[in-house]
Amino acid sequence: MINLKSYAFTVYPCIKIKKTFPLIILTVISFNCFSQNQWTWMSGYLVSDAAWNYPRPLPSPLSVRGTPWTLGSTFKPSVREHAAGGIANNNEIYVYGGASLESEYSSDFWVYDVSQQKWAFISDLGSQAIADSIGKESTIAHPGGRNRTASTVDKNGNIWLFGGLYYDRNMSDSYAKSDLWKYNPKTKKFTYFDEHGGSPDKPSPRYRARAWFDDNNNMWLYGGAIDSPSGSLSYNDLWMFNTTTKSWFFISGNKNASYCKNCLNGVYPTTPGTGGTQYFPRARSDYGYWKDNSGNVWIYGGYAESHGSDEYGDLWKFNPTTKVWTLISGNDTLNPPKTATNPGSRNAPYCWVGNDNKLYMTGGQRQYWYFLRDTWRVNPTNGSWEVVKIDTLTNEAPISAGLKIENSTNMPGSSVNTLNHLTTGSHTYMFSGYGMGSNNLLGFTGAMWRYSLDGYNPNLIPIANSDSLVLPYRDSIACNIKANDLPKGSFNNATFDIDINLAGIQKSLSTTSGTFTVDSTGTVWFKPTTTNFVGTVLLSYTYQNSAKYVSNTAQLKLIVYKCATTQLTLASPSNDITNGVYQYNNNESAKLINKINPVGENTVTVKVNAATSIVFLPGMTVNTNNGSTFEAKISGCN
């Protein structure tokens, strides 16, 4: 039995009235009025803090930890900058390390669950890195504490980290690293992939680089910075890591060569819009970057050295298939000014790709002293810059109507952000950095902000409706929780999360009465702990639809009752739902191991899949049949 709920919606369309004279024609132009391009403070600290700030905010914006992987409304990381991480499964935002109040080289690991809007602490394995067997998952290996690390997420939801600044307690010194790490959220283990070690075939130590994955699941790395006895230097080399062969490949630029801001490097065409394999950008770090829907990578601006007061404002596009760099706009001039049609120079903006396929950025830093919060985008069809939100002010404090209150006047504080592309189908999320807090001081920040994308339509958010099912005992009971849900498109069955108290998409839930699991079709199965179980069990769940929108949380109430033995009849093909699944009373189903189409006068004994709802039956026999039709009788429970 399924309790269906009816919902009534009233939609009030926004209209814009245009009068045209002298014909006195009234034209009604409709446009959507959904809350697009609006910021919302979702979690964390609005204040900023750093050891050199005065007065310090009270209470201090430190981490609030809970049981590992357990979500909680009070849990949150401390304020920090230069953290690593990324978003997986369109739902989990991972944050690793960075420079925080607890440590300049933090090693704590966090995850923010988008569907539940809560943080969970994952682990803190210590500041000293442990490199175990190369290329193998390990229960003891981990990167240790570090900041300014390049990071990205592959198509399987694994988080990858490269290099960064690391403090070695054994040497009592900090330095740049060149090691590569992978974290698997499913196994909760790190894998170590070696480091440079003087090899010309691997990228050298660096920090403030950027990384991304291509459509073939290969990781790319560009630029970055290094400190040397001669001063602050940057790289212009491009590398690719093949995740299948576990090998690095040098692609373009000056391999492992570092340059000062006044050192001749990079090859620029005379005219913007010109491309070729002989061209490549000048060395830089902390630049803006995007991968467009065609697989091309775009980079913009960035520090001319590892830090300081000089940045670029040029825009480049790289085609990974042809290996061609194209200068889209700008040149190798330092610190070009912002104009009405160009954002000028800056470093470390927050970047994302919109639903309109345009390349967005907000914030960043200009010439050391000026923290920004204007928003721009690149139209990839013609390479032109477009203003989204102009803001001529700098070093501005955040504005918020309140926690989780969306409002057109909300604005994050002016800041730099190095954890980019935290984007779902409906929103992009920006976390931490260095900038202005609500206490009007520059320092580490720790707020999670959400921005509604162009094309965001709340009417496309899927609806999960609570279910109450009354079913007879089986050793494994099938529950169709999708029957009265409204996906607003198609269900993404891989995203059903049936344990909302743990971070990530959980496919199982253990209770004292039994275990719930969800299969690849989105069907929930309950396996009681005891034979002939009778009682009531509950679970809560969410899911995503094909548009990558996340549903509300709904509840399944399953009431299991004792059943009597009876004989059930399955007929083929009339009761054949799909691929050998046969439906009978109470909307339950039995799946045969093989779809049987007996021919002639043979009597066939059919085995029942023990993983489904009928396992204690004496067997299933197929009666004498004609052609592809047959009748199967089961002595079972009704």
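Residues numbered from 1 in each chain as written. Predicted model: local features only at pLDDT ≥ 70, side-chain atom pairs only at ≥ 80, totals over all residues. Heavy atoms only, no water.

What follows concerns the overall build of the protein chain. Secondary structure assignment for the protein chain yields zero helices and 48 strands. Here the protein chain holds 638 residues, and 55% of them are scored as buried. In the protein chain, the proportion of contacts linking residues at least 24 apart, taken out of those at least 6 apart, comes to 56%. Accessible surface, the protein chain as shown: approximately 27000 Å² in total, 52% of it carbon and sulfur. (Helix = DSSP H or I, 4+ residues; strand = E, 2+ residues; numbered from the N terminus. Buried < 20%, exposed > 50% of the residue type's maximum accessible area, 1.4 Å probe, protein only. Contact = heavy atoms within 4.5 Å. Areas by Shrake-Rupley, 256 points an atom, 1.4 Å probe, with all protein chains shown as cover.)

Evaluation of the coordinates by the stated rule reveals one disulfide. Between the sulfur atoms of C260 and its disulfide mate C263 the distance is 2.1 Å. Torsion about the S-S bond of the C260 and C263 cystine: about 100°, corresponding to right-handed handedness. Residue C260 is classed as partly exposed on the basis of its relative accessible area of 22%. (Disulfide = S-S within 2.5 Å.)

A full pass over the atoms with the stated rule returns four cavities of 30 Å³ or more. In this structure, the largest cavity is lined by 17 residues; those nearest its centre are G413, S415, T445, A447 and W449. Elements that contribute at least two residues to the lining of the largest cavity include exactly β3 (39-49), β32 (427-436) and β33 (442-452). Split into classes, the residues belonging to the lining of the largest cavity amount to 10 nonpolar, seven polar and no charged. Forming the boundary of the second largest cavity are W39, T362, G363, L372, R373, T375, M411, P412, G413, S415, N417 and M430. Listed by contribution, the elements that provide at least two residues to the lining of the second largest cavity are β28 (359-366) and β29 (370-379). No other element matches the three residues that β29 contributes to the lining of the second largest cavity. Classifying every residue of the lining of the second largest cavity by side-chain character gives five nonpolar, six polar and one charged. (1 Å grid on protein atoms, 1.4 Å probe; cavity = no way out; pocket = protein on both sides within 12 Å on 5 of 7 lines; lining within 4 Å. Points joined across faces, edges and corners; volume = space filled by probe spheres on them. Nonpolar A, V, L, I, M, F, W, Y, C, P; charged D, E, K, R; others polar.)

Glancing now at the nonpolar core. With 27 residues, the main nonpolar core has I93, V95, Y112, W119, L422, Y429 and M448 as its most contacted residues. Take this core: its biggest share by element is four residues, from β33. Those residues in contact with V95 that sit more than four places away from it in its chain are R80, A83, A84, D108, F109, W110, W119, L419 and F431. L469, C479, L509 and V518 belong to the second largest nonpolar core, which has 23 residues in total. (Core = buried A, V, L, I, M, F, W, Y, C linked by side-chain atoms within 4.5 Å.)

Any functional reading would require information that these geometric values do not contain.
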